[in-house]
Amino acid sequence: SGNNPFQLDSRKVKGDLFKLLAQENRFASVMRRDPKHAQELDEKLKLAVTEKNQLLQVLSKEDLQGQFHKLVEGLAEAGGAGDSITILYGSETGNAEEQAKNLLQDARARGLTGQ
């Protein structure tokens, strides 16, 4: 419950997480003070990362492309009606904000107004 939690922003972790975390001062100090506890935390993190990767792989690339195609079709149909859209997003790292801005730009290019 720290004020500045470590965030791993990667599709798939390549390499050893324990070595990566050893370079972070706050985790390195835990590793020096209590190596056994640090190892337990590393195992929990590996499990959490594996579960996250499995959730991200639920939709295959083809599924995502199909969903994007449906979104573009819907925008094209709505663009002819002079409709307005509101794009909502939540972001800690800024990735969702960037995607929302890109989506709004595409919507405006199709004749929609929005925010």
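### As for the overall build of the protein chain
- Summing up its helical and strand segments, the protein chain has 5 helices and 2 strands in all.
- Taken from N to C terminus, the helices and strands of the protein chain fall in the order α-α-α-α-β-α-β.
- A total of 115 residues make up the protein chain; the buried ones form 16% of that total.
- Put simply, 51% of the contacts in the protein chain that link residues at least 6 apart link residues at least 24 apart.

### Some points on helix H5 (residues 95–109)
- For H5, with 15 residues, the first-to-last C-alpha span of 21 Å sits near the 21 Å given by 1.5 Å per residue.
- Inspection of H5 places Ala 100, Leu 104 and Ala 107 among the buried residues, and these make up the whole buried set. One face of H5 carries all of its buried residues, which in axial projection span an arc of 60°. Along H5, the residues that are exposed and aim more than 90 degrees away from the buried face are Lys 101, Gln 105 and Ala 109.
- The first or second residue beyond H5 is Gly 111, which carries a positive phi of 95°.

### Observations regarding the side chain of Asp 42
- Mapping Asp 42 onto the fold places it in helix H3 (residues 35–56).
- Taking the relative accessible area as the measure of exposure, Asp 42 reaches 2% and is therefore buried.
- With residues up to four places along the chain from it excluded, the contact list for Asp 42 reads Leu 17 and Phe 18.

### Digging into H3
- Along its 22 residues, H3 runs 31 Å from first to last C-alpha, staying within 8% of the 32 Å computed at 1.5 Å per residue.
- Contacts made by the buried residues of H3 are with helix H1 (17–22) and helix H2 (25–33).

### Thoughts on the pattern of salt bridges
- Enumeration over the complete set of coordinates arrives at 3 salt bridges.
- Its salt-bridge partner being Arg 26, residue Glu 24 comes within 3.7 Å of it at the nearest N-O pair.
- Accessibility expressed as a relative area gives 27% for Glu 24, which makes it partly exposed.
- Between Lys 46 and Asp 42 there is a salt bridge, with its nearest N and O atoms 3.3 Å apart. Taken as a pair, Lys 46 and Asp 42 lie in helix H3 at a separation of 4 residues, close to a single helical turn.
- Overall, the relative accessible area of 34% leaves Lys 46 in the partly exposed class.

### Some words on the packing of H2 against H3
- Two elements in contact, H2 and H3, have axes separated by 5 Å at closest approach and are oriented at 130°. Put simply, H2 runs oblique to H3. In this structure, H2 uses Val 30, Met 31, Arg 32 and Arg 33 to contact H3, whose residues at the interface are Pro 35, His 37, Ala 38 and Leu 41.
- Tallied by class, the residues present in the contact of H2 with H3 amount to 5 nonpolar, 1 polar and 2 charged.

### Description of the confidence of the model for the protein chain
- Chain-level pLDDT for the protein chain is 76 on average; 78% of the residues reach the 70-or-more range.
- Looking across the protein chain, the model is least confident in helix H4 (residues 61–79), with a mean pLDDT of 73, and most confident in H2, with 85.

What counts, and where the lines are drawn
- Residues numbered from 1 in each chain as written.
- Predicted model: local features only at pLDDT ≥ 70, side-chain atom pairs only at ≥ 80, totals over all residues.
- Heavy atoms only, no water.
- Helix = DSSP H or I, 4+ residues; strand = E, 2+ residues; numbered from the N terminus.
- Buried < 20%, exposed > 50% of the residue type's maximum accessible area, 1.4 Å probe, protein only.
- Contact = heavy atoms within 4.5 Å.
- Expected span 1.5 Å × (residues − 1).
- Arc of directions from axis to C-beta.
- Salt bridge = Lys/Arg side-chain N within 4 Å of Asp/Glu carboxyl O.
- Axes fitted to C-alpha atoms, helices over the stretch in contact; angles between N-to-C directions.
- Parallel < 35°, antiparallel > 145°, perpendicular 65-115°, else oblique.
- Nonpolar A, V, L, I, M, F, W, Y, C, P; charged D, E, K, R; others polar.
- pLDDT = per-residue confidence, 0-100.

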